[in-house]
Amino acid sequence: MSSKIDINDPINKAILEAIFDFTPINEIHYRANTTNKSVLKRLRKLKAEGYIELHQSGLYQLVPKEVFHKHFKLNGLSESEVFENEIEKLELKLNDNANFILFYGFTEMLNNAIDHSRGSEVEVAIVETLIGYEIYIIDNGIGIFRKIKKVFGYKNESESILHLSKGKLTTDETNHSGQGIFFTSRMMDHFHIFSGENYFSHDHNKSKDVLSLANPIPDDKQKGTAVIMSVRKQSKIDGSKVFSDYTSSDGSYAFEKTVVPIQLTKFASNDLLVSRSQAKMVMANLQEFEEIILNFEGVMMIGQAFADEIFRVFQNKFPEKKISWVKANRKVESIIRKAIAESKR
């Protein structure tokens, strides 16, 4: 009879961490620093002993255990009271980093449902796995992307996601700063918003935003907005550092820096990134930030007019703003540099 598997063994631990991060089976051995054959053997044993299970997507997932599930009426609900009276009493096994991230993310996302959803009810659930916790906040309201599209007059919900990802976007400027989703998505290990036909996610270990037109939430849950976020029990993400990375250093902690995922523009405009109108969509309202980082990951090519509108026209209009770019391939970078050179003539 074989002995029980040691889940604290370094290789097994690495495998479990990789599964927590939705790593494909054929890539787990890189994370675990061992052979694929060894990983497959350990996966079979972890599954047999009930630590992991095979999801219908073809990925392994950690076996979840529900620790909290409750429905709340939104009228008169207070996010801080829910946290203090319900969540804190669960005494979740979290280090200091994770405790702060849970408090910030939970209260910000529940407050969004209370103040913005126009719904009547919110469902809150927390499930535990060996590595961390998943938090579910699901309302029955209008839907976040639909509401933003309606308020700002965007042509589709995908454009709503592009502008939402920048930060500072809010449908209630009097009472909200529009920072909650931006910072929560960067503190959580995994952050997902499902609404209508759209799905937006940010994974800390991948450092990029993803938009999909295929919402995997079942049809009966598509009304309203579903936020699903994950945090490791022993999180290495320092929430205060996340704030400092994007805020001013003069003591005011003003939200001055943003990262814009250019790839989202392709979904919003349903076309190649070649026009000035697309560039104007990217740069809309970014004059509110002091530093703008454009992330070109996943963008194969841009047009000269697109680059010129950003790196010459916008920059000349707001010369005090610092614009930089990351993860551009050689073709994209050459077009960017040509636009910058033209602006200096």
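One structure accompanies this document, and this report is about it. Fair warning: this is a prediction, and the values are worked out from it, not measured in the lab.

Conventions used here
- Residues numbered from 1 in each chain as written.
- Predicted model: local features only at pLDDT ≥ 70, side-chain atom pairs only at ≥ 80, totals over all residues.
- Heavy atoms only, no water.
- Buried < 20%, exposed > 50% of the residue type's maximum accessible area, 1.4 Å probe, protein only.
- Helix = DSSP H or I, 4+ residues; strand = E, 2+ residues; numbered from the N terminus.
- Arc of directions from axis to C-beta.
- Contact = heavy atoms within 4.5 Å.
- Pairing = 2+ DSSP bridges.
- Axes fitted to C-alpha atoms, helices over the stretch in contact; angles between N-to-C directions.
- Parallel < 35°, antiparallel > 145°, perpendicular 65-115°, else oblique.
- Left-handed = near helix turned anticlockwise from the far one by under 90°.
- Nonpolar A, V, L, I, M, F, W, Y, C, P; charged D, E, K, R; others polar.

1. Let's talk about helix H6 (residues 144–152)
- Every buried residue of H6 is accounted for by Ile 144, Phe 145, Lys 147 and Ile 148. Along the long axis of H6, the arc covered by the buried residues comes to 160°, so they all point the same way.
- Its buried side turned inward, H6 meets helix H5 (96–116), helix H7 (157–166), helix H8 (180–187), strand S6 (190–195), strand S7 (198–203) and strand S9 (225–232).
- With its phi angle positive at about 75°, Gly 153 sits one or two positions after the end of H6.

2. With respect to the pairing of strand S4 (residues 121–128)
- Of all eight residues making up S4, seven are buried, and the element is well covered by its neighbours.
- Where strand S3 (residues 65–73) meets S4, eight bridges bridge the pair, whose relative direction is antiparallel. Following the sheet pairing, His 71 is matched in S4 by Glu 123.
- Taken together, S4 and the strand that follows it, strand S5 (residues 132–139), pair antiparallel across an intervening segment of three residues.

3. Focus: the packing of helix H12 (residues 304–317) against helix H13 (residues 330–343)
- Between H12 and H13, the least distance of the axes is 8 Å, while the angle of their chain directions is 50°. In this view, H12 runs oblique relative to H13, as classed from their interaxial angle. Remark: the crossing between H12 and H13 carries right-handed chirality. Between H12, through Gln 304, Ala 307, Asp 308, Phe 311 and Arg 312, and H13, the contact on the second element is made entirely by Ile 335, Ile 336, Lys 338, Ala 339, Ile 340, Glu 342 and Ser 343.
- Looking at side-chain class alone, the contact of H12 with H13 contains six nonpolar, two polar and four charged residues.

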